[in-house]
Amino acid sequence: MTVRQWDAEVRKYMNYQWYPGHMTKARRMMEENIKLVDLVIELVDARVPLASRNPDIDAMGKNKARLILLNKSDLADEPVNKLWKEYFEKQGMYVLEVNSKSGSGIKAIHGLVKEACREKIERDRRRGILNRPVRAMVVGIPNVGKSTFINSFAGKACTKTGNRPGVTKGKQWIRLNKSLELLDTPGILWPKFESQEVGLKLALIGSMNDNINSVEEMTVSLIGMLRERYGGVLAERYGVEEATEAYDLLKDIAKMRRCILKGEEPDMKKAAFLVLDDFRSGRLGRISLEMPCME
């Protein structure tokens, strides 16, 4: 069985879970509050910028200024980041590469907010309103780093952060200074994915709980993507032969890293988590799973 045939079989049986009940409430709250803001700041994962966007946000924020933050840009392929920046800019959005954990790119946001809201600021001045702050809603699907971004942007721990989806439970207004206020919102997914491939990508970056999906199957699909787009990465990291099929390659990684069960059987789940964690943390290098020309 080839890698593509295996991926087809995997996706036939994998059912990526999404949209728990609290997200319906979060979506309604976002719809009610978006009329209060001037700007929508949307965080996406730079490794999968399209898959990590909620298409509902385009509809809800169609009359608002838009700023896209390619977060975790340090984990994504640098030349591909530039392509995505151009892609979104052509749609009339302001775009910035950021790394919320290190603070890279954060200082440039204030200037970009003023540029994006220039018409609103000038309109206020003509009306004699001089000190009304720009109000921005911060949106993004679970685990793209919204809370970490806000804490980094504000320079203090003003929201709760975590490395699992769903930490932010309700809206929070955060006043950064006299000229800018942020409205933080819970991360929401959407009721139905256009394809299982979107679900796979979101599962790979950690936007869904690993316990509700098959980590072995996810990782086999990831291995197939890596071999196709980043040949040699797995061989260099794990000392394995990449010519074998994706499932057998995961088995070889298990053996090389001594992920072994009783009876010398390879522990496929442990090996899958190992590869998945190496991808998510950047230990496999800077990797992008989407490119604009491929969509």
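Within each chain, residue numbers correspond to sequence positions counted from 1 in written order. Per-residue local features of the predicted model are confined to residues with pLDDT of at least 70, and side-chain atom pairs are confined, for both listing and counting, to 80 or more; whole-chain, interface and lining totals are unaffected and use all residues. Heavy atoms throughout the structure, all of them, feed into the side-chain values; hydrogens and water do not.

The subject of this paragraph is the packing of helix α8 (residues 196–205) against helix α9 (residues 215–229). Packing of α8 against α9 brings their axes to within 10 Å, and their N-to-C directions diverge by 100 degrees. In this view, α8 runs roughly perpendicular relative to α9, as classed from their interaxial angle. Contact with α8, carried on its side by Leu200, Ala203 and Leu204, involves Met218, Ser221, Leu222 and Met225 of α9 and no other residues of that element. Just so you know the grouping, Ala, Val, Leu, Ile, Met, Phe, Trp, Tyr, Cys and Pro go in nonpolar, Asp, Glu, Lys and Arg go in charged, and all remaining residues, Gly too, go in polar. For the contact of α8 with α9, the class distribution of residues is 6 nonpolar, 1 polar and no charged. In this analysis an axis means a line fitted to C-alpha atoms, helices contributing only their contacting stretch, and an angle means the value between N-to-C directions, from 0 to 180 degrees. Here a strand is any run of E in DSSP of at least two residues, a helix any run of H or I of at least four, and the numbering for each starts at the N terminus. Any angle from 65 to 115 degrees is called roughly perpendicular, while one under 35 is roughly parallel, one over 145 is roughly antiparallel, and all others are oblique. What makes two residues a contact is simply this: any of their non-hydrogen atoms within 4.5 Å.

So, on to the packing of aromatic side chains. By convention here, two paired aromatic rings are described through the distance between centres and the angle between planes. Centres within 6.5 Å are what make two rings of Phe, Tyr or Trp a pair, Trp counting through its six-membered ring; a difference in plane orientation under 30 degrees is then read as stacked, over 60 as edge-to-face, and the rest as tilted. According to the stated counting rule, one finds 4 aromatic pairs in the structure shown. Centre to centre, the rings of tryptophan 84 and phenylalanine 88 are 5.8 Å apart; their planes meet at 25 degrees, and the pair counts as stacked. With tryptophan 84 and phenylalanine 88 both in helix α4 (residues 78–89), this residue pair falls 4 residues apart, about one helical turn. Both residues of the pair, tryptophan 84 and phenylalanine 88, belong to the buried class. Aromatic pair phenylalanine 149 and phenylalanine 153: ring centres 5.4 Å apart, planes at 20 degrees, arrangement stacked. Pair noted here: phenylalanine 149 and phenylalanine 153 are both in helix α7 (residues 146–154), with a separation of 4 residues, about one helical turn. Grouped by ring-pair contacts, the aromatic residues Trp84, Tyr87 and Phe88 constitute a single cluster. For the cation-ring pair, arginine 47 lies above phenylalanine 279, with the distance from its terminal atom to the ring centre recorded as 5.2 Å. Across from the ring centre of tryptophan 173, 4.5 Å away, lies the NZ or CZ of arginine 135, which sits over that ring. Three labels apply to residues, based on accessible area from a 1.4 Å probe with only protein chains included: buried if under 20% of the type maximum, exposed if over 50%, partly exposed otherwise in between. Criterion for a charge above a ring: Lys NZ or Arg CZ within 6 Å of the ring centre, and within 35 degrees of the ring normal.

This brings us to α8. Every α-helix winds through 3.6 residues per turn, so residues three or four apart in the chain are directed the same way. Among the 10 residues in α8, 8 count as buried, and that is most of the element. Listing the buried residues of α8 in full gives Val198, Gly199, Leu200, Lys201, Leu202, Ala203, Leu204 and Ile205. In the stretch just after α8, glycine 206 is the one whose phi turns positive, near 90 degrees.

Across the 7 residues of strand β1 (residues 39–45), 7 count as buried, placing the element largely inside the fold. Pairing analysis gives 7 bridges linking β1 to strand β2 (residues 65–71), with the strands arranged parallel. Bridge pairing in β2 places aspartate 45 opposite asparagine 71. Strand pairing is assigned whenever DSSP detects at least two bridges linking the two strands. In the sheet, β1 pairs with strand β4 (residues 134–139) via 4 bridges, with the strands oriented parallel.

Two packed helices can be described by the angle between their axes and the distance between those axes. One can describe the packing of α9 onto helix α12 (residues 268–281) by two numbers: an axis separation of 9 Å at closest approach and a directional angle of 50 degrees. It follows that α9 is oblique to α12 by the angle criterion. As α9 packs across α12, the resulting crossing turns out to be left-handed. Along the contact surface, α9 presents Val215, Glu216, Met218, Thr219 and Leu222, while α12 presents Met268, Lys269, Ala272, Phe273, Val275, Leu276, Phe279 and Arg280. Handedness of each helix crossing follows the sense of rotation of the near helix against the far helix: counterclockwise by less than a right angle gives left-handed, clockwise gives right-handed.

With that out of the way, let us pick up the environment of isoleucine 57. As for its placement among the helices and strands, isoleucine 57 is situated in helix α3 (residues 56–60). Residue classification places isoleucine 57 among the buried residues on the basis of a relative accessible area of 4%. C-alpha separation for the pair isoleucine 57 and valine 40, spaced 17 residues apart in sequence, amounts to 8.8 Å. If we skip the residues at most four places from it in the chain, isoleucine 57 touches Met30, Val40, Glu42, Arg66 and Val139.

What follows deals with the environment of cysteine 259. Looking at where cysteine 259 falls in the secondary structure, it is placed in the loop between α11 (246–256) and α12. On the basis of relative accessibility, which here comes to 2%, the residue cysteine 259 falls in the buried class. When near neighbours in sequence (up to four residues on either side) are disregarded, cysteine 259 contacts Ala254, Glu265, Pro266, Asp267, Lys270, Ala271 and Leu274.

Within the largest apolar cluster, 61 residues are counted, with the highest numbers of intra-cluster contacts made by Leu39, Ile41, Leu69, Ile109, Phe149, Leu182 and Leu204. The greatest single-element share of this core, amounting to 7 residues, is contributed by α9. Not counting residues within four places of it along the chain, the set of residues in contact with leucine 204 comprises Met218, Leu222, Met225, Leu276, Phe279, Arg280 and Leu289. Take the buried Ala, Val, Leu, Ile, Met, Phe, Trp, Tyr and Cys residues and link them wherever side-chain atoms come within 4.5 Å; each set so joined is a nonpolar core.

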